[in-house]
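Architecture and fold: a report
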Amino acid sequence: MTNRTAGCHFERCLLALSVLVLMGSSVRAAGPEVQSMLPAGVQRGAEATIRLSGKFDTWPPEVWFDRPGLSAEPAEEKGQLVLRAPADAPPGTYWMRLYDSAGATPPWPVVVGMLPEVTESDDEDSKIAESTRQLPCTINGRLAKRGEIDIYRVALSKGETLIASVVANGVLGSPMDGVLQIADPRGFVLKQVDDECGLDPLIVFRAPQDGEYLVRLFAFPETPDSSIAYAGDQTYVYRLTLTTGGFVDHALPLAVRAGSTTESKLCGWNLGDEPRTASLVAAPDCEQVAAFCEASAGVIPVAVVQHTCVTADAAADPAEPQSLELPVTVSGRLAKPAESHTFRFKGEKGQKLRIAVESRSLSFPLDAAIQIVDVDGKVLQEVDDASRAPDPRTEFEVPSDGQYDVTIRDLYGRGGLRFAYRMTIEPVRPDFSLSLAADQFTLTGEKPLEIPVAIDRSGFSGEIEITAIGLPEGVTAEPVTSPGEGDTAKEVKLKLTAATGAAGGPFRVAGRAADASEPIERTARFSVPNKPGTLADAWLTVAATEDAEAAVSDE
């Protein structure tokens, strides 16, 4: 090699090294990423250390909750948080984000329960883990690997009723289809529940004699595959409640009117002879309230609506059905086999009504069917499941002025404690809904950010003003108007701008139609990645520009 060739080679190496150094200096730290979390909750009035698996370029991150009641701070070890729930924290599901200046995690569910909690450690040496548990308790565990079975040994007296309830897929978004078994000490299965009401099993078991019993939990994948084996993964996180004490399964009513205070009857097992009630205070702007009993397991989300709510009168004479004033939401329970409930309402010719029942979508076993008849007993409509939905829903055009009856029953004539339902009857009015394509967005420095807002119009063709509300300090966005026709009738873009020094945080997108017969206000919602349901609190990260970063480094 000549000196000149060697010199060129050296210069190329030096140049490549310089480029790598420059690239490395411009790489920003990524925001926090969470893959799994254990435990997935905490007892009211206690604290728990949460172990997070994921990626954290910066530790510790900040922690945000969607409502007051919880707090979290970093533990001594990286990837761990100490979660605290005060004694007066409302029980139920909270949504948590971890965030820093580079970004935020999607929302993660955190459950505040009523019973003492324990957290199982992952057993790497065995696929079968067995432990003895004192009742009552909520066990935070994980089916961490393929073929894993978690077994809990409990002592029961003859005649005691054990409730074993799993929370995993329906609340936590764990991709598992759980199976619960109760077995005797020899392993003989006495009871098994799988897919009765969704993918999270619940067993009610009455002990035939004194002794120890085994509670077994295993799972199949939420999305079936070609394997015929028990499934497991770091994401198969669950909460298993075991108790012979009180357990609240549902509340009546299952809906209350916004701005009201309602006494709700609590229904379930081991609640004693005296009726258990809860006072539900529904703020005007909340979506749901929690019904619970201080000394019992089970927290029931009760919907908050803008119209009248009533409870079905199970003793009503079918010849004189319970009268309803529309719009209305009715809550009831078909407590006995072959039981049905009939309601009477007044309709006007040409009026379009929407009748929707919720039961299986609320994890109850009722396979509801509804029938609409006129005063002469002529059947006008019969509806079972709506399309692929688990519950019936229909639109009914009133043929003439008069009284009409709607009857709800179980398709197979069943009934019992858990055959609860919530039925809404309301006029069909022009409406709209808003949605966001993502749960979070990033705004870089002073460069504007456009956020698409999808508009689903249900018969409403008027103008909608769409606004970003609760933006972080230093971030602004001008409202935009969606007309009733054209491309912007289906989607508009909000333009966000940040001033120097602006920070990130949660915000919402709202739409208002002032020229409707009655003003319509709706909040945009988004799907939570790998989690059930939709939420409204999106996240905005404000990233610093390179000039701003350089100025900070020079200082």
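Position numbers for residues start from 1 in each chain and track the written sequence from start to end. Where totals are concerned, whole chains, interfaces and linings use all residues; where local detail is concerned, this predicted model gives features only for residues with pLDDT of at least 70, and gives and counts side-chain atom pairs only at 80 or more. Values reported for side chains reflect all heavy atoms of the structure, with hydrogen atoms and water molecules removed beforehand.

**Points about the overall build of the protein chain**
The helix count covers DSSP runs of H or I at least four residues long, the strand count covers runs of E at least two residues long, and both are numbered beginning at the N terminus. Looking only at helices and strands, one finds three helices and 47 strands in the protein chain. Each principal axis of the C-alpha distribution contributes one length, and for the protein chain these read about 105 × 70 × 45 Å. Accessibility here uses a 1.4 Å probe with only protein chains present; expressed as a share of the type maximum, an area under 20% marks a residue as buried, one over 50% as exposed, and anything in between as partly exposed. Residue burial in the protein chain is summarised as follows: out of 555 residues, 45% are buried. Accessible surface, the protein chain: about 27,600 Å² in total, of which carbon and sulfur atoms supply 49%. Using a 1.4 Å probe, the Shrake-Rupley method yields the accessible areas, and only the shown protein chains count as cover for residues.

**Side note on the side chain of D391**
You can see D391 is positioned in the loop between β32 (379–383) and β33 (393–397). Positive charges are assigned to Lys and Arg, negative charges to Asp and Glu, while His and the chain termini are left out of the count. Any Lys or Arg side-chain nitrogen found within 4 Å of a carboxyl oxygen on Asp or Glu counts as a salt bridge. The buried charged residue D391 lacks any salt bridge partner; its closest oppositely charged side chain belongs to R360, at an N-O distance of 5.9 Å. For the purposes of these results, a polar contact is taken to be a pair of N or O atoms within 3.5 Å, where, inside protein, one atom must be able to donate a hydrogen and its partner to accept one; residues adjacent in sequence count only when each atom of the pair is a side-chain atom. Within the local environment of D391, its side chain forms a polar contact with the backbone nitrogen of R360, the two atoms lying 3.0 Å apart. A polar contact is formed between the side chain of D391 and the side chain of S361, at a distance of 2.7 Å.

**Thoughts on the sheet that holds strand β3 (residues 46–55)**
Pairing between strands requires that DSSP locate at least two bridges from one strand to the other. The four strands are arranged β1-β3-β6-β5 in an open sheet whose pairing can be described as antiparallel. A single partner strand is all that each edge strand has here, and the edge strands are β1 (33–38) and β5 (71–74). Put simply, the sheet's adjacent strands are angled 30° from each other on average, direction ignored. Angles run from 0 to 180 degrees between N-to-C directions of axes, and those axes are lines fitted to C-alpha atoms, restricted for helices to the stretch in contact.

**Let's talk about the nonpolar core**
We call a set of buried Ala, Val, Leu, Ile, Met, Phe, Trp, Tyr and Cys residues a nonpolar core when their side-chain atoms join them within 4.5 Å. Among the nonpolar cores identified, the biggest contains 33 residues, and L436, I466, V475, L496, F507 and L540 are the most heavily contacted of them. In what follows, residue pairs with any heavy atoms lying within 4.5 Å of each other are defined as contacts. In contact with V475, not counting residues within four places along its chain, are L443, L496, T497, A498, A502, A503, L540 and V542. By size, the runner-up hydrophobic cluster in this structure holds 26 residues, among which are A168, L180, I182 and V215.

**Some details on the packing of aromatic side chains**
Classification of ring pairs uses Phe, Tyr and Trp, with its six-membered ring standing for Trp, and accepts pairs whose centres are within 6.5 Å; under 30 degrees between planes counts as stacked, over 60 as edge-to-face, and the remaining range as tilted. Going through the model one piece at a time under the given rule, you end up with 12 aromatic pairs. Taking the centre distance of 5.5 Å and the plane angle of 65° together, the rings of F205 and Y213 count as edge-to-face. The pair F205 / Y213 is uniform in exposure class, with both members buried. Here the aromatic cluster, defined as three or more aromatic residues joined through ring pairs, consists of W64, Y99 and W539. Here, a charge over a ring means that NZ of Lys or CZ of Arg falls within 6 Å of the ring centre while also lying within 35 degrees of the ring normal. In this structure, R67 is placed above the aromatic ring of Y94, and the distance from its NZ or CZ to the ring centre is 3.8 Å.

**Comments concerning the sheet that holds strand β24 (residues 288–292)**
Taken in spatial order, the three strands of this open sheet run β21-β25-β24, and their pairing is mixed. Edge positions in the open sheet fall to β21 (255–257) and β24, since each of these has one partner strand only. For this sheet, the mean inter-axis angle between neighbouring strands, taken without regard to orientation, is 40°.

**Points about the pairing of β5**
Looking at chain direction, β5 and strand β6 (residues 80–85) are connected through four bridges and run antiparallel. Within β6, the residue paired with P74 across the bridge is L81. The antiparallel hairpin formed by β5 and β6 contains five residues in its connecting segment, where G79 sits at a positive phi of about 85°.

**Concerning the pattern of salt bridges**
Under the definition given, this model contains 20 salt bridges. When the shortest N-O distance is used, the salt bridge between D184 and R186 registers 2.8 Å. According to the relative accessible area criterion, R186 is exposed, its value standing at 73%. A single salt-bridge network, built from bridges that share partners, covers E47, E73 and R84.

**A look at unusual backbone geometry**
Residue P60 is bonded to the preceding W59 through a cis peptide linkage, with omega at 0°. For P60, the position within the fold is in the loop between β3 and β4 (62–65). In this model, L326 is joined to P327 through a cis peptide bond whose omega is -5°. Within the fold, P327 resides in the loop between β27 (322–323) and β28 (328–333).

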